[in-house]
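# Examination of the molecular architecture
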Amino acid sequence: MNLSLTLPEIGQRAKRAARSLYAADSELKNRALAQAASSLLAQSEAILAANQLDLAAGREVGLTSALLDRLALTPERLSGIAQGMLDVAALPDPVGALLDETVRPNGLKIVKRAVPIGVIGVIFEARPNVSADSAALCLKSGNASILRGGKEAIRSNQAIVTAIRSGIEEAGLPADCVQLITDTSRQTATEFMHLDAYVDLLIPRGGPGLIQAVKREATVPVIETGAGTCHIYVAPSCDPEMAVSIINNAKTSRPSVCNAVECILVHSACAPDILPLVAAKLKEKNVELRADKRALMLLRDAVPATEEDWGKEYDDYILAIRIVDSTDEAIEYIRTYSTHHSEAILTRDEAEAHHFMESIDSAALYWNASTRFTDGGEFGMGAEIGISTQKLHARGPLGVKQLCSEKYYIYGSGQIR
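Residues numbered from 1 in each chain as written. Predicted model: local features only at pLDDT ≥ 70, side-chain atom pairs only at ≥ 80, totals over all residues. Heavy atoms only, no water.

A few words now on the overall build of the protein chain. A tally of regular secondary structure across the protein chain gives 14 helices and 16 strands. Against the compact-globule benchmark of 22 Å for 417 residues, the protein chain has a radius of gyration of 23 Å, which places it among compact chains. Dimensions along the principal axes, computed over C-alpha positions, put the protein chain at roughly 70 × 65 × 35 Å. The buried share of the protein chain, taken over its 417 residues, is 53%. Within the protein chain, residue pairs in contact and separated by at least 24 positions form 73% of the contacts whose partners lie at least 6 positions apart. Here the protein chain contributes 42 positively and 52 negatively charged side chains, and the mean placements of these two sets differ by 4 Å. (Helix = DSSP H or I, 4+ residues; strand = E, 2+ residues; numbered from the N terminus. Rg over C-alpha atoms; globule rule 2.2 N^0.38 Å. Buried < 20%, exposed > 50% of the residue type's maximum accessible area, 1.4 Å probe, protein only. Contact = heavy atoms within 4.5 Å. Lys, Arg positive; Asp, Glu negative; His and termini not counted. Charge placed at Lys NZ, Arg CZ, Asp CG, Glu CD.)

Here's what the structure looks like:
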């Protein structure tokens, strides 16, 4: 990996690699993914050593425990990343898929097929697994990728991308199908956002600050992802044991990710029974509860919530709690504060669940399940490059199908207009 390349040079290399990928068949792309996964495991010692340096630097500058968890790689996590690449390889190839076919009255045959977007840029923060997931999904969908991670994970990202490039080159594809921007300065990030001569799509994956900065600054088309202020509404007819289990999972299984719950809304009719049970369970993981006035009366160890807690993405062992008096009040609250990522309702009442799910405009709505399932792997996509919270051109987990565009092929026999 040439560390002295300018951004335009990286873009030019990506364009050339994208042409090779466009022509690559499924067998070659799958072989490259398998070889990349094998290379990751073969170079695991170097990758984990690089990650330890990143973690040490992160502790030195005072990264939170949640951010350190995002940054950390273990042999098990690295094995999971490699398996994720193999899972992507096993997916059907989206490129060339027939999307529509029609014959016009004049005899023209019009065929629409899926094609690669071209060059996809990904800007992300302190999660080195994103580099591997993004590279795999882009390669499978026939796209070259340019990756730009944060300074917190630069050593890990360099080690991972070096391994991936080695594997895909060994399989017979250009190493430049995957490139990493190693300059983590803000100036370079801004320049990357303006690289529309070479980059066809930019996907930011990180906190609200990063996403909003990319939306404001980029001249490259952007898909907004990641901001996850997720809610769970507990209705009167819920199963108490199920509610405790789901809330505990959604908050504590991995609080640093965007599909973790940040606020629960509990109906006043069941709050006296449910909230003490939830609090007792969350206390096992030292979750800080920030409650409104009515919830405070039921929760001995909670602290008063402020206006800033409503709509807050904590990415930490913190949970906002609010009591509501109806499903419609819960819906209105979520409409006001949601980032349109994932919301859940816990109820035995099917009509109530249907009303809730149809009334809220988020990418993923759950009935009696944890919000933690909003994930490409859990949705059968192998992995995802991010969770889109917008409506164009894709929404929810972005897998290989969502990384394709469309192309029309028109077959005639001399027709003129």
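Turning next to the nonpolar core. In this structure, Leu-40, Ile-164, Phe-192 and Ile-385 are the most contacted members of the largest nonpolar core, which totals 71 residues. Not counting residues up to four positions away in its chain, the partners in contact with Phe-192 are Leu-7, Gly-121, Val-122, Ile-123, Ile-146, Arg-148, Ile-181, Val-199, Leu-202 and Val-220. If you look at the next biggest cluster of nonpolar residues, it comprises 31 residues, including Val-244, Ala-250, Leu-282 and Ile-321. (Core = buried A, V, L, I, M, F, W, Y, C linked by side-chain atoms within 4.5 Å.)

The step from Leu-392 to His-393 runs through a cis peptide bond, and the omega angle for that step is -10°. Tracing the backbone through its elements, the reader meets His-393 in the loop between β14 (387-388) and β15 (396-397). Its identity as a non-glycine residue notwithstanding, Asp-315 has a phi of 55°, on the positive side. Tracing the backbone through its elements, the reader meets Asp-315 in the loop between β10 (303-304) and β11 (318-324). Although it is not a glycine, Asn-368 adopts a positive phi angle of roughly 55°. Structurally, Asn-368 can be placed in the loop between β13 (364-367) and β14. Judged by relative accessible area, Asn-368 falls into the partly exposed class, the value being 27%.

Where strand β12 (residues 342-346) meets β13, four bridges bridge the pair, whose relative direction is parallel. Following the sheet pairing, Ile-345 is matched in β13 by Trp-367. Read from β12 through helix α14 (residues 350-359) to β13, the crossover connection turns out right-handed. (Pairing = 2+ DSSP bridges. Right-handed = clockwise from strand over helix to strand, strands pointing away.)

Taking strand neighbours across the sheet as the criterion, the three strands line up as β1-β2-β16 in an open arrangement whose pairing is antiparallel. Across the chains shown, the open sheet's two edge strands, defined by having one partner strand only, are β1 (98-103) and β16 (404-411). Neighbour to neighbour, the strand axes of the sheet diverge by 20° on average, direction disregarded. Sheet topology places β1 next to strand β2 (residues 109-116); five bridges connect them, and they run antiparallel. Its bridge partner lying in β2, Leu-98 is registered against Arg-113. (Axes fitted to C-alpha atoms, helices over the stretch in contact; angles between N-to-C directions.)

Our next topic: the pairing of β11. Burial within β11 is extensive, with six of its seven residues counted as buried. The pairing of strand β8 (residues 261-267) with β11 spans five bridges and is classified as parallel. Bridging from a neighbouring strand, Leu-265 pairs with Arg-322 of β11. Where strand β9 (residues 288-291) and β11 come together, four bridges link them in parallel fashion. Looking at β11, one finds that Arg-290 is bridged to Ala-320.

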